[in-house]
Amino acid sequence: MSIFLFRPRQRRQIISRSFLHNADQSRENPFLIDSSNGFYVNVTDSNQRRHKSNFSTEKPSPEDHKNAVQITNILQVNKWGEDMEAALKPFVGSLTPPQITLVVQRLKEPKMALKFFQWSCQAESFRQGGASSAYHAMIELLLKENNGHREIEIMVDKMRKHGCAIRPDSAGALIRCFGKANMVHKSVELFHEVRKTSPMLDAYTYNCLLDVLVKAGHIDDAVKLLDEMLKSKCRPNKTTFSKVLPGLLKKKGWHEAERIILHMSEKGSFPDVRDFTQLINALCKSGNTNKAWDLMHLLKSKGGSLDIIAFNVLLNGVGNTGDFSGMNLLLVEMKEMGIVPNVITYSTLIKSMCKSGRVQEARGVLENMRQGNCSPNVITYNTVLDALCKVGRSEEALELVDKMRGDGCSADTFTYNILIDGFCKAGKTDEAYNLFLQMMRVGPSPDEVTFNTMIDGLYKDGRVDMAVECFHNMLKKGLQPNAITYNALICSLCETHNVEKAEELFEEMPMKGCPPDVVTYSTLIAGLCKIHRVNQACKLLTQMESSGILPNVVTYSILISAYCRKGELDKAFKMLEKMAKKGLKPNEITYSTIIDGLCSASDLSSAYALMNKMVAEGFAPNVVTYGCLINGHCKAGEVDEAMKLFENMKTVGIPPDVVIYTILIDCFCKENNVGTAVSMLDEMIAKGLVPDAVTYNTVLCGLRKINGLENAYLIMDQMKKQGCAPDCTTVKLLGDWLFDVGQMERLMEFVNDDDFIISRTT
């Protein structure tokens, strides 16, 4: 048996020599194809071949066209049924495959076309053969249907039984159709069937099956098929790589993608530059920037095309590693290739400079952009603004925004968020709030980040009422507060002992679709402990666990600290045991809290035992731990032991802080050793530490005991020099003392100085 192909115009020009040549080939391959034609004929001998060729290769005659028009008209104006079949009956005897093909092609309705096609199968001429074109016309129409895969599957099976081979130009669409219906095995089966009839399949057919395999997650099979394709005479095209790249990167990694690119390049085929860029991006993100560099330059050397996007992606990857020499090399290569840097190129360079702390250089690049032909966009400006604010240059950032507007680039919400955050972190809440009000008046509209930043800044500056007002403005704007918003407000209210209002917000959270998280619970527990409602705090801990939110080390440490302050060390240790049962290990803060409680209870031996356990657990004592022990020794009147610890701190590389110096100064003053106390004050200043009002008050109190007025004046001058504002304790202490000695003018001069105002803290 052999299958022979005839072109319509060669119907009567069959050369026997060609036939014999094809017949020989059919012993190895029973299917023959002429890529310029799409009609297949299945024949078993020469007589049958001559008979079937009358229909399979015959060009539609005028009579065929005439009958096709009449049949189409009948089909379009009637519903299928007995009347329809009766109307079509006169055409049965003369119905030919070309007529069937023409009718199917004219019909727009697949269901009607399918009924006609099934009815046409009774025609003698159709049963005899030559129906390949009709089958393919019907399949092409069914392919337009979204859910026609079942009918197509039946049609393909009928074709096979009829001895009609599937044309390669239909194979791709059929493969995709079965793949879309999750019938991957059918797609593979059809591909192999067509490959038997046509060993020289084109890239489109391969690409269709590759796409089906990748989408179905059969990445290994897709790689095998691609390897077969690369070994065959079929040259892959740019689409080939596009089909397999996403799956390769997701399932196999960049190594396999790199191997395939190299293999493709050996055949003179290169991936689309966008697909190649995707691979470069994947390499850079996985930390393989050097490999991305080598692969890009290999592709370049073999003649592959590269564009500005590919260079920008690699530039970003190189910049993330801090390799500025590599970035410069890429910029030089771009210039040599005639690729003009765009705003993304410069923005990438600026971002890398800012990330490396080279803010001034980034500003220089920005200025060059402003003066050149590549105008910076809002992202470029925001990158520099963010860098300036992070190094405390908020005022300079604000000036840059004015230049930005002058260049016709409007500030967006992100711009304002950067500035507001910068001013808040610099302690310039008024400037931040003015920017916030500007957004509220003229735009751009503030978002959740704006409000969260502003609320956090106001609460940290002690402006709780303004923070609450800001929260209400957020609700009026229709913005949904998140856990960060609520946590900042609850923390702010707890700091000012307004725990009842904090509890109201806590209860409101679930109703607003924002359930409390571990931070919310821990913050409110801390607030309750501050106002000595420890029992209620423990109840909240139970509620927290019942809600499925696991307390963390911070949560337990807050309660442990509360029990220690109350002197209920037994309950503190029980909480520590409960924490251990939950699988949580105490940290240095937890240990230091209990050590402080033990020291306050004058149980220094237990405090040292716990510190040894802390060290055994892998936590080194920190400045807080040492401060607790030093304070314990001072309270016990053991100044020498306290000083030993103080010196030991410096030996192990833990510098004492203001708190520890203040503890020791207070201890020396109580021992009437004011001279040593003053020496300790001088030492801490020499170490670069800035004494606070508590430290100075401690020294002044000691000096008053020995009537050291002249030294007190020096301390007052030192406070002014350091910019340390007197608090109420300072004013009361000095007021009583200076009133007794008739030096109230000196006090008024001190407290009315323009360099500071009296602190409201007590």
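Keep in mind that what you see is a predicted model, and the values were worked out from it rather than measured.

1. Looking at the overall build of the chain
Then comes step 1: The helix and strand tally for the chain stands at 43 helices and two strands.
Then comes step 2: Counting every position in the chain, which comprises 762 residues, the buried fraction comes to 48%.
Then comes step 3: Total accessible area computed for the chain in this model is approximately 37,900 Å², and 51% of it derives from carbon and sulfur atoms.

2. Structural notes on the confidence of the model for the chain
Then comes step 1: Summarising the model, the chain shows a mean pLDDT of 83, and 89% of its residues fall at 70 or more.
Then comes step 2: Least confident of the elements in the chain is strand E1 (residues 2–4), whose mean pLDDT is 28; most confident is helix H24 (residues 413–425), at 96.
Then comes step 3: Contacts of residues 1–57 to residues separated by more than four positions or lying in other chains number 84 contacts, the stretch itself having pLDDT below 50.
Then comes step 4: Across residues 754–762, where pLDDT falls below 50, the model places 21 contacts with residues more than four positions away in sequence or in other chains.

3. Regarding the packing of helix H35 (residues 604–616) against helix H36 (residues 623–635)
Then comes step 1: Running from N to C, H35 and H36 cross one another at 165 degrees; their axes reach a closest spacing of 11 Å. By the angle between their axes, H35 is roughly antiparallel relative to H36. In this structure, H35 meets H36 at a crossing whose hand is left-handed. Of the residues in H36, those touching H35 at Leu604, Ala607, Tyr608, Met611 and Met614 are Thr625, Leu629, Gly632 and His633.

4. A short note on empty space enclosed by the protein
Then comes step 1: If you walk through the whole model with that rule in mind, you get two cavities of 30 Å³ or more.
Then comes step 2: Its volume calculated, the second largest cavity comes out at about 30 Å³.
Then comes step 3: For the lining of the second largest cavity, the secondary-structure elements that each account for two or more residues are helix H9 (149–162) and helix H11 (184–197).
Then comes step 4: Class assignment of the residues belonging to the lining of the second largest cavity gives a composition of three nonpolar, no polar and five charged.

5. Describing the nonpolar core
Then comes step 1: Counting 230 residues, the largest nonpolar core has Leu75, Phe116, Met138, Met454, Ile595, Ile630 and Leu664 as the members making the most contacts within it.
Then comes step 2: Per-element tally for this core: the top contributor is helix H38 (residues 658–670), with nine residues.
Then comes step 3: In contact with Leu664, other than residues within four places in its own chain, are Ile630, Cys634, Ala642, Met643, Phe646 and Met680.

6. Quick notes on the packing of helix H19 (residues 324–336) against helix H20 (residues 343–355)
Then comes step 1: Relative to each other, H19 and H20 sit at 170 degrees, their axes nearing to 12 Å. The angle between the axes of H19 and H20 places the two elements in the roughly antiparallel class. Contacts from Phe324, Met327, Leu331 and Met334 of H19 reach H20 at Thr345, Thr348, Leu349, Ser352 and Met353.
Then comes step 2: A per-class count over the contact of H19 with H20 returns six nonpolar, three polar and no charged.

7. Quick notes on H24
Residues separated by three or four positions in an α-helix point in the same direction, a consequence of the helix having 3.6 residues per turn.
Then comes step 1: For H24, built from 13 residues, the straight-helix expectation of 18 Å at 1.5 Å per residue is met to within 8% by its first-to-last C-alpha distance of 18 Å.
Then comes step 2: Counted residue by residue, H24 has ten buried out of 13 residues, so it is predominantly covered.
Then comes step 3: Taken together, the buried positions of H24 are Thr413, Thr415, Tyr416, Asn417, Ile418, Leu419, Ile420, Gly422, Phe423 and Cys424.
Then comes step 4: Buried-residue contacts for H24 involve helix H22 (378–390), helix H23 (394–406), helix H25 (429–442) and helix H26 (448–460).
Then comes step 5: Sitting at the amino-terminal end of H24 is Asp412, which places a side-chain oxygen 3.2 Å from the backbone nitrogen of Phe414.
Then comes step 6: Trailing H24 by a residue or two, Gly427 shows a phi angle of about 80 degrees, which is positive.

8. Remarks on unusual backbone geometry
Then comes step 1: For the bond running from Gly443 to Pro444, omega is 0 degrees, close enough to zero to count as cis.
Then comes step 2: Position of Pro444 among the secondary structure elements: in the loop between H25 and H26.
Then comes step 3: Not every positive phi belongs to a glycine, and His497 is a case in point at roughly 65 degrees.
Then comes step 4: Within the secondary structure, His497 sits in the loop between helix H28 (483–495) and helix H29 (499–511).
Then comes step 5: Accessibility expressed as a relative area gives 51% for His497, which makes it exposed.
Then comes step 6: Even without a glycine there, the phi angle at Ser602 is positive, about 60 degrees.
Then comes step 7: Relative to the elements of secondary structure, Ser602 occurs in the loop between helix H34 (588–600) and H35.

9. As for the pattern of salt bridges
Then comes step 1: Summed over all chains, the structure comprises 36 salt bridges.
Then comes step 2: For Lys428, the salt bridge goes to Glu395, with nearest N and O atoms at 3.6 Å. Remark: Glu395 occurs in helix H23 and Lys428 occurs in the loop between H24 and H25; sequence separation between them is 33 residues.
Then comes step 3: A relative accessible area of 31% places Lys428 in the partly exposed class.
Then comes step 4: What makes Glu395 partly exposed here is its relative accessible area of 37%.
Then comes step 5: Residues Asp461 and Arg463 are paired through a salt bridge, measuring 2.8 Å at the closest nitrogen-oxygen approach.
Then comes step 6: Its relative accessible area of 35% is what places Asp461 among the partly exposed residues.

10. Considerations on the side chain of Arg167
Then comes step 1: Topologically, Arg167 is positioned in the loop between H9 and helix H10 (168–180).
Then comes step 2: A polar contact is formed between the side chain of Arg167 and the side chain of Glu140, at a distance of 3.1 Å.

11. Quick look at the state of the cysteines
Then comes step 1: For the structure shown, the criterion picks out zero disulfides.
Then comes step 2: Here Cys424 is not disulfide-linked; the sulfur of Cys470 is the nearest cysteine sulfur, at 9.5 Å.

12. Side note on the packing of aromatic side chains
Then comes step 1: Scanning the entire structure with this criterion turns up nine aromatic pairs.
Then comes step 2: Measuring from ring centre to ring centre gives 5.1 Å for Phe117 and Tyr135, while their planes differ by 65 degrees; the resulting arrangement is edge-to-face. In this pair, Phe117 is assigned in helix H6 (residues 110–120) and Tyr135 in helix H8 (residues 132–142), connecting sequence segments 18 residues apart.
Then comes step 3: Put simply, the rings of Tyr433, Phe436 and Phe451 pair up and form one aromatic cluster.
Then comes step 4: Over the ring of Phe324 we find Arg358; its NZ or CZ atom is 4.0 Å from the centre of that ring.
Then comes step 5: A cation sits over an aromatic face here: Arg746 above Tyr713, 4.2 Å from the ring centre.

13. Observations concerning the environment of Phe506
Then comes step 1: Mapped onto the elements, Phe506 comes out in helix H29.
Then comes step 2: Each residue touching Phe506, except ones within four places of it in the same chain, is listed here: Ile490, Pro516, Thr520, Tyr521, Leu524, Leu540 and Gln543.

14. Observations regarding helix H39 (residues 674–686)
Then comes step 1: If you check H39, its first and last C-alpha atoms are 18 Å apart, about what 13 residues at 1.5 Å a residue would give, namely 18 Å.
Then comes step 2: Residues Val674, Ala677, Met680, Leu681 and Met684 constitute the buried set of H39. Buried residues of H39 fall within an arc of 110 degrees about the axis and therefore sit on the same side.
Then comes step 3: The inward-facing, buried residues of H39 contact helix H37 (639–651), H38, helix H40 (693–705) and helix H41 (709–722).
Then comes step 4: Backbone geometry just after H39 places Gly688 at a positive phi near 90 degrees.

15. Some points on the environment of Asp412
Then comes step 1: The residue Asp412 is located in the loop between H23 and H24 in this model.
Then comes step 2: A relative accessible area of 26% means that Asp412 is categorised as partly exposed.
Then comes step 3: In this structure Asp412 touches Val378, Asn382 and Pro444, once residues within four positions along its chain are discounted.
Then comes step 4: A polar contact of 3.3 Å, which involves the side chain of Asp412, links it to the side chain of Asn382.

Cut-offs and rules
- Every chain is numbered independently, its residues counted from 1 as its sequence is written.
- Per-residue local features of the predicted model are confined to residues with pLDDT of at least 70, and side-chain atom pairs are confined, for both listing and counting, to 80 or more; whole-chain, interface and lining totals are unaffected and use all residues.
- With hydrogens and water excluded, all non-hydrogen atoms of the structure serve as input to the side-chain values.
- Note on conventions: DSSP H or I runs of at least 4 residues are helices, E runs of at least 2 residues are strands, and numbering of each starts at the N terminus.
- Categorising residues by exposure relies on relative accessible area from a 1.4 Å probe, with only protein chains included: less than 20% of the type maximum marks a residue as buried, more than 50% marks it as exposed, and the intermediate range marks it as partly exposed.
- Accessibility throughout is a Shrake-Rupley quantity obtained with a 1.4 Å probe, and a residue counts as covered only by protein chains that appear here.
- The predictor's confidence in any single residue is recorded as pLDDT, a number from 0 to 100.
- Contact between two residues is taken to exist if any of their heavy atoms lie within 4.5 Å; hydrogens are not considered.
- Lines fitted to C-alpha atoms define the axes, with helix axes restricted to the stretch in contact, and inter-axis angles between N-to-C directions lie between 0 and 180 degrees.
- The labels follow the angle: roughly parallel below 35 degrees, roughly antiparallel above 145, roughly perpendicular from 65 to 115, and oblique for the rest.
- Crossing handedness is read from the near helix: turned anticlockwise from the far helix by less than a right angle, it gives a left-handed crossing, and turned clockwise, a right-handed one.
- Here the term cavity refers to a set of points on a 1 Å grid, laid over the protein atoms alone, in which a 1.4 Å probe fits but cannot get out; the term pocket refers to an open set having protein on both sides within 12 Å along at least five of seven lines, with lining residues being those that place an atom within 4 Å of a point.
- Grid points are joined across faces, edges and corners, and a volume is the space filled by probe spheres set on the points.
- Side-chain classes are defined by residue name, with Ala, Val, Leu, Ile, Met, Phe, Trp, Tyr, Cys and Pro counting as nonpolar, Asp, Glu, Lys and Arg as charged, and the others, Gly among them, as polar.
- Think of a nonpolar core as a cluster: buried Ala, Val, Leu, Ile, Met, Phe, Trp, Tyr and Cys residues, connected wherever their side-chain atoms sit within 4.5 Å.
- One less than the number of residues in a helix, times 1.5 Å, gives the span that helix is expected to have.
- Under the rule applied, a polar contact is a pair of N or O atoms within 3.5 Å (in protein, one hydrogen donor and one hydrogen acceptor; residues adjacent in sequence only if both atoms are side-chain atoms).
- One side-chain nitrogen of Lys or Arg within 4 Å of one carboxyl oxygen of Asp or Glu is enough to make a salt bridge.
- Defined by distance alone, a disulfide is two cysteine sulfur atoms within 2.5 Å.
- Aromatic rings from Phe, Tyr and Trp, with only the six-membered ring used for Trp, were paired whenever their centres fell within 6.5 Å, and each pair was classed as stacked if the ring planes differed by under 30 degrees, edge-to-face if by over 60, and tilted otherwise.
- By definition, being over a ring means that NZ of Lys or CZ of Arg is both within 6 Å of the ring centre and within 35 degrees of the ring normal.
- Note that the arc is defined by the directions from the helix axis to the C-beta atoms.

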